[in-house]
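Below are the chains, spelled out letter by letter.
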Protein chains: 4
Amino acid sequence: MSWFETSIMARKGVAKGRPGARHRISIEDQGTFHYVYGPYADPVLEVDPGAVVEAETHDAFEGKITKESDRPTEILNFPFLNPQTGPIFVRGAEKGDALAVRILSIKPRGPQPVGTTCLIPEFGGLVGTGITAMLNPPLPEKVRKLNVDEQWVYWSDTLKLPYEPFIGTIGTAPEIEAISSLQPDYYGGNMDTPDVAPGAIIYLPVNKAGGYLYLGDCHAIQGDGELCGVALEMPATVEVQIDLIKGHGNGWPQLETETTMGFIGSARPLEDAARIAYRELVRWVAAETGQSVEDAYMLLTMCGKVRLGNMVDPKYSIGASIEKRYLK
Amino acid sequence: MSWFETSIMARKGVAKGRPGARHRISIEDQGTFHYVYGPYADPVLEVDPGAVVEAETHDAFEGKITKESDRPTEILNFPFLNPQTGPIFVRGAEKGDALAVRILSIKPRGPQPVGTTCLIPEFGGLVGTGITAMLNPPLPEKVRKLNVDEQWVYWSDTLKLPYEPFIGTIGTAPEIEAISSLQPDYYGGNMDTPDVAPGAIIYLPVNKAGGYLYLGDCHAIQGDGELCGVALEMPATVEVQIDLIKGHGNGWPQLETETTMGFIGSARPLEDAARIAYRELVRWVAAETGQSVEDAYMLLTMCGKVRLGNMVDPKYSIGASIEKRYLK
Amino acid sequence: MSWFETSIMARKGVAKGRPGARHRISIEDQGTFHYVYGPYADPVLEVDPGAVVEAETHDAFEGKITKESDRPTEILNFPFLNPQTGPIFVRGAEKGDALAVRILSIKPRGPQPVGTTCLIPEFGGLVGTGITAMLNPPLPEKVRKLNVDEQWVYWSDTLKLPYEPFIGTIGTAPEIEAISSLQPDYYGGNMDTPDVAPGAIIYLPVNKAGGYLYLGDCHAIQGDGELCGVALEMPATVEVQIDLIKGHGNGWPQLETETTMGFIGSARPLEDAARIAYRELVRWVAAETGQSVEDAYMLLTMCGKVRLGNMVDPKYSIGASIEKRYLK
Amino acid sequence: MSWFETSIMARKGVAKGRPGARHRISIEDQGTFHYVYGPYADPVLEVDPGAVVEAETHDAFEGKITKESDRPTEILNFPFLNPQTGPIFVRGAEKGDALAVRILSIKPRGPQPVGTTCLIPEFGGLVGTGITAMLNPPLPEKVRKLNVDEQWVYWSDTLKLPYEPFIGTIGTAPEIEAISSLQPDYYGGNMDTPDVAPGAIIYLPVNKAGGYLYLGDCHAIQGDGELCGVALEMPATVEVQIDLIKGHGNGWPQLETETTMGFIGSARPLEDAARIAYRELVRWVAAETGQSVEDAYMLLTMCGKVRLGNMVDPKYSIGASIEKRYLK
């Protein structure tokens with residue numbers, strides 16, 4: 001038996017974690033991409049719980065940065081950044097439920113060099129930005145285009161980095177807000193958390209009927225914090241299996257892997273992102289194990305794990321988790 | 001000559017600061033109120049620059065808290081909070097312009113006690129919240145209903161406070177986002193800054209054609225920071241004169257009074273709100289006076305003034321200003 | 001009767017606010033200056049409550065920046081910055097008491113141009129620093145030397161600014177720590193809060209026997225936030241009257257003026273400085289007026305005032321206050 | 001050949017990484033413990049580079065919490081917390097050098113239950129504190145005493161956690177400051193970073209002659225962030241090998257393991273801790289590999305790793321690192 005049989009998705013999903021009908025959303029199917037997470041767009045696809053969806057995604061620059069001599073400030077047109085595929089309407093999803101999204105695979109899509117990273121003025125973790133407003137001169141703009149295959153990222157002639165793909169931006173629609181796909185929040189969005197990778201299941205709060213699942217912004221590899229503001233951005237083909245957990249009631253994205261259970265918080269300052277993730281986790285551990293909140297809090301002071309997603313987006317993201325073996 | 005003749009609005013407005021046609025938006029005219037600042041709503045009114053608009057606003061609770069025994073957690077239905085009047089479409093307004101809004105008067109509206117303040121669990125400046133997530137037990141819920149007239153706020157039998165009204169929430173629509181009216185940002189919104197009061201002119205960035213002006217959330221009085229999360233909330237009748245500054249190009253709300261010129265920044269942590277406001281101001285002082293950015297920065301280290309708007313909303317707001325007499 | 005007769009100092013001081021013996025500390029008396037607030041230095045003066053002390057202070061650069069062509073990075077020798085006069089041992093002061101320091105006068109001292117301001121790389125409110133670490137290039141170094149008299153600060157041929165002097169750094173020794181005089185904290189220190197000016201009384205927590213009062217770093221004028229990192233720094237002659245409040249028990253500096261009562265908090269991020277100041281004030285208002293903490297919290301949401309001291313030092317400082325007329 | 005032969009310590013240390021004379025500091029040898037990191041204490045031991053020191057440490061509560069019915073607020077006497085063994089004077093160490101401290105072993109010391117964890121009011125990552133000041137009621141005090149051996153921590157009858165010991169507090173003296181051992185900063189101190197564990201080498205900036213090495217506060221296990229404010233605190237016997245890197249010039253603690261190289265930053269808010277650690281690392285990677293700072297910044301956006309030390313101390317600590325295999 002695979003660990004998946006014991007996951008929340010398999011145990012509590014409407015489809016019991018069983019794969020249902022297959023669907024595909026190509027770039028052409030999608031047509032118009034979305035730059036906000038919101039309820040005002042028409043779904044590009046409607047599915048039943050259990051659906052397996054293969055979706056094509058653009059990179060965060062919508063493929064406009066094609067060579068190392070390109071200048072991002074001349075090419076990029078804020079706020080039309082980080083284009084998202086979707087939304088996908090999940091039948092039966094209602095406010096208070098959660099969408100369970102199991103990530104099956106992520107593959108680079110399109111001609112080489114398929115990966116892009118760059119330095120953009122007023123953006124990044126170690127420079128002044130529009131929010132952390134400084135008077136210092138910016139660093140120079142810079143673009144790197146890198147070859148990527150399903151095994152390696154080719155940084156230079158002498159250095160290759162492992163292909164460790166994940167979905168940078170995934171989430172549901174807020175109930176009445178439509179928020180830039182550059183931002184992460186309680187509904188998911190641009191969390192840029194490397195653990196949202198093949199093999200993991202993410203549980204996203206449903207805020208309105210149908211859930212409205214969006215995704216995009218795949219990364220071939222990313223360090224903790226997405227330091228310079230972008231990762232190795234790539235267009236991708238993503239395969240996910242979608243299920244529905246009725247009444248799951250999580251207020252923030254929950255992430256399950258074979259060995260861990262956690263939550264992702266997004267906020268500024270960074271300690272507030274950590275507090276959100278850990279408070280959700282404390283309460284979940286207490287409820288799951290029958291311990292008091294105080295005991296769960298003390299258990300996590302012993303063995304909680306933190307993953308920094310991003311420290312560059314409009315809100316920063318942190319995941320807090322516990323190994324499942326400590327939950328017995 | 002009034003100082004107003006020398007204001008940006010009078011000097012650079014399309015209507016040269018001259019009052020034009022009068023309009024009125026009653027509660028009934030408005031019909032459906034808005035809980036987001038966004039481009040997806042239909043304008044309730046379309047005006048030319050110079051228009052004088054008398055608008056009725058709800059209080060932040062849409063009038064649902066009527067007595068001191070009410071419990072906010074039972075009555076309030078997040079995210080349907082802080083209802084906004086508008087949007088008002090201003091003819092000729094285009095991205096890159098600014099709407100100039102001169103606040104003429106703010107009067108309490110409706111039966112006494114017209115003012116409401118309260119303690120709401122997980123909300124406020126000195127308690128854990130959904131963002132600054134804590135495990136501590138909350139403070140008890142509490143409601144105070146206070147009489148208000150155009151002179152006083154009646155706190156108790158022995159203490160009355162001055163009536164110092166202002167508009168808590170005012171702004172334009174983002175270009176593609178629709179953001180909760182509980183949040184302030186670059187387009188204005190829920191800044192809760194007491195200087196946005198009768199006599200002042202606020203210049204709001206236009207992000208899409210028509211500008212889409214929203215307003216609401218008037219306060220009869222408020223301390224710096226809006227400490228417990230709400231001020232003395234009241235339904236009101238607001239009179240404003242609207243003009244249009246073509247190509248004004250401000251990225252954040254600019255606030256002009258008889259004696260001061262400033263900007264309002266909104267962000268977390270609070271120092272980032274201050275940085276935004278001050279960076280805008282440094283650049284504006286430099287451009288206006290012909291000094292270098294470095295000299296403007298040093299001048300403001302001598303005589304910049306800061307007003308804390310709120311330290312309780314999803315982003316905190318700070319205004320930074322300089323006395324006009326130092327700009328010659 | 002002057003308001004001073006009703007102050008905490010006059011009502012509760014050991015000397016009942018009456019001036020006692022006069023003392024003087026010249027630069028020569030002081031000899032060695034101090035760069036930390038701590039208990040390890042020998043007192044330069046021992047006084048009884050009531051003492052009036054005239055103290056000479058250096059500017060924050062110890063007078064080393066003498067002309068506009070000086071380069072701070074070549075002249076300043078970190079951590080030997082912000083030299084402090086003192087410590088003054090106050091007889092009878094014990095842990096849990098407060099020193100009351102009434103500021104009588106502050107006069108510029110020495111030859112013109114007596115005032116210095118400057119831009120120092122990696123220091124200031126709108127640039128990357130050693131703590132808010134950035135990769136951006138720094139702004140250029142720059143020094144301004146300005147004439148100052150007891151009426152004006154002479155910014156340029158066409159602009160003079162009012163002389164609004166205050167003590168930038170004042171406090172007691174921690175019990176066992178010795179902390180850089182560049183930092184503010186619970187014992188006072190480098191708060192850079194313009195309200196610590198002639199006419200005001202500051203109540204500083206006593207952490208060890210004798211209190212160990214230090215002071216220095218006078219400013220001829222300063223805007224809110226001390227934006228570029230320094231104010232208009234000047235050597236000064238300061239006259240203060242010192243009293244002792246037994247068992248006052250304040251955990252943070254308390255500031256009283258003719259019309260206001262407040263507290264100063266110092267922390268990062270900036271909202272934590274505000275929280276500290278406001279929590280002290282809420283509790284004080286509740287205790288003083290007999291209201292519940294909840295009512296005091298709601299009263300301050302109506303009429304609390306905030307003054308930003310600095311947003312550039314190792315901890316940021318904010319003062320929160322209430323008008324005394326609201327305390328009846 | 002062990003990886004250690006290629007470490008900075010072995011390559012650049014005065015003793016070339018070779019173990020020298022053995023020393024021992026027992027509880028009795030130490031006599032008086034220290035609660036500040038500073039230059040005002042007399043060294044308890046003077047050693048040559050290469051020295052191997054076995055030091056006994058108290059737990060953070062100095063052993064005063066002996067049973068689960070103890071109440072920390074009645075027993076603990078702030079600021080006399082987190083007692084430190086040392087300082088150790090290293091001959092030849094001068095300002096600008098680094099002490100290299102290789103952690104050889106950490107063993108629990110004393111009778112069972114040797115481990116202590118607890119909830120202390122106004123302290124911890126998910127409660128209001130003296131700095132993040134709240135009005136909420138505190139959580140109840142709570143103490144857990146746990147058996148610990150060199151293999152396991154015995155949380156309950158059904159759950160044991162791995163023994164993963166590390167040194168919570170280690171560092172050198174500041175040049176003129178004496179700072180509470182509860183705080184981490186540029187000189188090390190209370191970083192509470194689990195990677196400071198047996199097998200690792202930490203390079204600590206020398207700020208004054210002799211370096212003045214302090215250590216204490218060992219933890220049997222700790223999660224990322226030290227969530228409730230304390231880990232599993234234990235008295236310990238620590239064995240370290242000390243070397244001296246002349247002119248190493250690191251401004252913050254550097255941490256080397258078999259596979260990684262990193263830096264630890266400490267600041268509030270948490271993003272500033274991350275910025276410090278990552279800026280140090282960017283510059284180090286650039287210098288070490290001959291890449292530009294911009295390229296090093298982009299490389300770390302691909303493969304930088306972050307470890308959250310603590311989010312509860314007066315400053316928060318974050319380690320940022322890179323795998324050595326990416327440095328070729």
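Note that this is a predicted model, so its numbers are computed, not measured.

Definitions and limits used
Residues numbered from 1 in each chain as written. Chains lettered and ligands numbered in written order. Predicted model: local features only at pLDDT ≥ 70, side-chain atom pairs only at ≥ 80, totals over all residues. Heavy atoms only, no water. Axes fitted to C-alpha atoms, helices over the stretch in contact; angles between N-to-C directions. Helix = DSSP H or I, 4+ residues; strand = E, 2+ residues; numbered from the N terminus. Parallel < 35°, antiparallel > 145°, perpendicular 65-115°, else oblique. Left-handed = near helix turned anticlockwise from the far one by under 90°. Contact = heavy atoms within 4.5 Å. Nonpolar A, V, L, I, M, F, W, Y, C, P; charged D, E, K, R; others polar. Least-squares fit on C-alpha atoms with pLDDT ≥ 70 in both. Pairing = 2+ DSSP bridges. Buried area = accessible area lost by both parts, 1.4 Å probe. Salt bridge = Lys/Arg side-chain N within 4 Å of Asp/Glu carboxyl O. Polar contact = N/O pair within 3.5 Å; in protein donor to acceptor, adjacent residues only side chain to side chain. 1 Å grid on protein atoms, 1.4 Å probe; cavity = no way out; pocket = protein on both sides within 12 Å on 5 of 7 lines; lining within 4 Å. Points joined across faces, edges and corners; volume = space filled by probe spheres on them. Buried < 20%, exposed > 50% of the residue type's maximum accessible area, 1.4 Å probe, protein only. Expected span 1.5 Å × (residues − 1). Phe/Tyr/Trp six-rings, centres within 6.5 Å; stacked < 30°, edge-to-face > 60°. Lys NZ or Arg CZ within 6 Å of the ring centre and 35° of its normal. pLDDT = per-residue confidence, 0-100.

Student: How do you make sense of the packing of helix 4 (residues 270–289) of chain A against helix 5 (residues 293–303) of chain A when you look at a structure like this?
Tutor: Between two packed helices, what matters for the description is the angle formed by their axes and the separation of those axes. All names here are of chain A. Between helix 4 and helix 5, whose axes approach to 8 Å, the crossing angle comes to 120°. One way to sum up the angle between helix 4 and helix 5 is to call them oblique. Where helix 4 crosses over helix 5, the two elements pack in a sense that is right-handed. In this structure, helix 4 uses Tyr278, Leu281, Val282, Val285 and Ala286 to contact helix 5, whose residues at the interface are Val293, Ala296, Tyr297, Leu299 and Leu300. Counted by class, the contact of helix 4 with helix 5 contains ten nonpolar, no polar and no charged residues.

Student: Where do I start with the relation of the copies chain C and chain B in this structure?
Tutor: Relating the two copies of this chain is a rotation about some axis coupled with a shift parallel to it. Overlaying chain C on chain B yields an RMSD of 0.0 Å, the required transformation being a rotation through 180° with an accompanying axial translation of 0.0 Å. Between the two chains, the operation in question is that of a two-fold axis. When C-alpha positions in chain C are compared against the rotation axis, the closest is assigned to leucine 270 of chain C, at 2.7 Å. A high fraction, 98%, of the interface residues of chain C reappear at the interface in chain B, so the copies pair face to face through one surface.

Student: Just checking my understanding: could you explain the sheet that holds strand 19 (residues 260–267) of chain B for this structure?
Tutor: In a beta sheet, neighbouring strands pair by backbone hydrogen bonds and run either parallel or antiparallel. Residues and elements named next belong to chain B. In space, the nine strands of this open sheet follow the order 1-4-17-6-15-18-19-21-20, with mixed pairing throughout. Looking at strand neighbours, the two that pair on one side only are strand 1 (22–25) and strand 20 (305–310), the edges of this open sheet. Across the sheet, the mean angle from the axis of one strand to that of its neighbour is 25°, orientation sign disregarded. As paired strands, strand 18 (residues 254–256) and strand 19 are joined by three bridges and run antiparallel to one another. Paired with leucine 255 across the two strands is glycine 262, which belongs to strand 19. Sheet contacts for helix 4 (residues 270–289): strand 18, strand 19, strand 20 and strand 21 (316–323); angle to strand 19, the most-contacted strand, approximately 145°.

Student: Can you help me understand the interface of chain C and chain B in this one?
Tutor: How big an interface is tends to be stated in terms of accessible area lost as the parts join. Facing the 59 residues of chain C at the interface are 58 residues of chain B. Both faces combined, the contact of chain C with chain B buries some 4,900 Å², and carbon together with sulfur accounts for 66% of it. For chain C, the biggest contributors to the area lost against chain B are Tyr297, Met298 and Met302 of chain C; these three give 17% of the whole. Remark: the boundary between chain C and chain B carries two salt bridges. As a salt-bridge pair, aspartate 295 of chain C and lysine 142 of chain B come within 3.1 Å of each other at their nearest N and O atoms. On inspection of chain C and its partner chain B, the count reaches 26 residue pairs in polar contact (both at pLDDT 80 or more). Among the secondary structure elements, those contributing two or more residues to the side of chain C that touches chain B are strand 7 (115–119), strand 8 (142–146), strand 10 (160–162), helix 4 (270–289), helix 5 (293–303), strand 20 (305–310) and strand 21 (316–323) of chain C. By residue number, the principal contributor to the side of chain C that touches chain B is helix 5 of chain C, which donates nine residues.

Student: In this structure, what is going on with the sheet that holds strand 4 (residues 52–57) of chain A? I would like to understand it.
Tutor: Residue and element names in this part refer to chain A. Across the sheet, nine strands lie side by side as 1-4-17-6-15-18-19-21-20; this open sheet has mixed pairing. Every interior strand has two partners, whereas the edge strands, strand 1 (22–25) and strand 20 (305–310), have only one. Along the sheet, successive strands turn relative to each other by an average axial angle of 25°, direction set aside.

Student: Looking at this structure, I do not really get empty space enclosed by the protein. What am I missing?
Tutor: In this approach a probe as big as a water molecule rolls over the atoms, and the regions it shows empty are the leftover space. Following the criterion strictly, the structure yields twelve cavities of 30 Å³ or more and no others. The space that makes up the largest cavity amounts to roughly 130 Å³. If you trace the largest cavity, you find it lined by Ile131, Ser266, Ala267, Arg268, Pro314 and Lys315 of chain A together with Ile131, Gln183, Ala267, Arg268, Pro314 and Lys315 of chain B. For the lining of the largest cavity, the per-class residue count stands at six nonpolar, two polar and four charged.

Student: Please clarify how helix 5 of chain C should be interpreted in this entry.
Tutor: Side chains that are three or four residues apart share a direction in an α-helix, a result of its 3.6 residues per turn. In terms of burial, helix 5 of chain C is a largely internal element, ten of the eleven residues being buried. When we look at burial in helix 5 of chain C, the residues that qualify are Glu294, Asp295, Ala296, Tyr297, Met298, Leu299, Leu300, Thr301, Met302 and Cys303 of chain C. Residues of helix 5 of chain C that are buried make contact with strand 7 (115–119), strand 8 (142–146) and strand 10 (160–162) of chain B together with helix 4, strand 20 and strand 21 of chain C.

Student: What is the right way to look at helix 4 of chain B in this model?
Tutor: Residue and element names in this part refer to chain B. Between its terminal C-alpha atoms helix 4 stretches 28 Å, which fits the 28 Å expected from 20 residues at 1.5 Å a residue. Burial of helix 4 is extensive: 16 of the 20 residues sit out of reach of the surface. Looking one or two residues past helix 4, glycine 290 carries a phi angle of roughly 80°, positive in sign.

Student: Explanation requested: the interface of chain D and chain C in the structure shown.
Tutor: In this assembly, 33 residues from chain D lie in contact with 33 residues from chain C. Contact with chain C buries surface across chain D, with Leu135, Ile176 and Arg279 of chain D losing the most and accounting together for 24% of the total. The partner of arginine 279 of chain C in a salt bridge is glutamate 122 of chain D, with the nearest N and O atoms 3.0 Å apart. Looking at the side of chain D that touches chain C, the elements with two or more residues in it are strand 12 (179–180), helix 4 (270–289) and helix 5 (293–303) of chain D.

Student: Looking at this structure, how should I read the packing of aromatic side chains?
Tutor: Residues and elements named next belong to chain A. For the coordinates displayed, the defined rule picks out 30 aromatic pairs over all chains. Three or more aromatic residues joined by ring pairs form one cluster here, namely Tyr37, Tyr186, Tyr187, Tyr214 and Trp252. Above the face of the tryptophan 155 ring, arginine 144 is positioned so that its terminal group lies 4.6 Å from the ring centre. Across the ring face of tyrosine 212, the terminal group of lysine 208 is positioned such that the distance to the ring centre comes to 4.4 Å.

Student: Please explain the relation of the copies chain D and chain C as it appears in this structure.
Tutor: With an axial shift of 0.0 Å and an RMSD of 0.0 Å, the rotation relating chain D to chain C amounts to 180°. A share of 100% of interface residues in chain D that are also interface residues in chain C marks the association as one of identical surfaces.

Student: Just to check I follow, could you spell out the pattern of salt bridges for this structure?
Tutor: In a structure, side chains of opposite charge can pair up when their charged atoms sit close to one another. All names here are of chain A. The tally for this structure, following the rule as stated, stands at 81 salt bridges over all chains. Residues aspartate 97 and lysine 246 are paired through a salt bridge, measuring 2.7 Å at the closest nitrogen-oxygen approach. Residue aspartate 97 is located in the loop between strand 5 (85–90) and strand 6 (98–108), and its partner lysine 246 is located in the loop between strand 17 (236–245) and strand 18 (254–256); the two are separated by 149 residues in the primary sequence. For aspartate 97, a relative accessible area of 5% gives the class buried. On the basis of relative accessible area, lysine 246 is assigned to the partly exposed category, the value being 39%. Through salt bridges with shared partners, a single network forms among Arg22, Arg24, Glu54, Glu56 and Glu239.

Student: I'm lost on the side chain of arginine 279 of chain D in this one. Help?
Tutor: Considering the arrangement of structural elements, one finds arginine 279 of chain D in helix 4. The class for arginine 279 of chain D is buried, based on a relative accessible area of 6%. A polar contact is formed between the side chain of arginine 279 of chain D and the side chain of glutamate 122 of chain C, at a distance of 3.0 Å. Those residues within four positions of arginine 279 of chain D in sequence are excluded, and the remaining contacts are Leu126 of chain A together with Glu122, Thr129, Gly130, Ala133, Met134 and Leu135 of chain C.

Student: Is there a simple way to think about the confidence of the model for chain A in this case?
Tutor: When pLDDT drops low, the exact placement of atoms in the prediction is not to be read closely. Residues at a pLDDT of 70 or more form 100% of chain A, whose mean pLDDT is 97. Model confidence for the complex is summarised by a pTM of 0.98, with the ipTM given as 0.97.

Student: What am I meant to see in the side chain of threonine 260 of chain B here?
Tutor: All names here are of chain B. For threonine 260, the location among the structural elements is in strand 19. A relative accessible area of 19% places threonine 260 in the buried class. Reaching out from threonine 260, the side chain makes a polar contact with the side chain of threonine 257 at a distance of 2.6 Å. Those residues within four positions of threonine 260 in sequence are excluded, and the remaining contacts are Leu255, Ser321, Ile322, Glu323 and Lys324.

Student: What am I meant to see in the environment of threonine 237 of chain D here?
Tutor: Residues and elements named next belong to chain D. Mapping threonine 237 onto the fold places it in strand 17 (residues 236–245). With a relative accessible area of 18%, threonine 237 lands in the buried category. With 137 residues separating them along the chain, threonine 237 and alanine 100 place their C-alpha atoms 19 Å apart.

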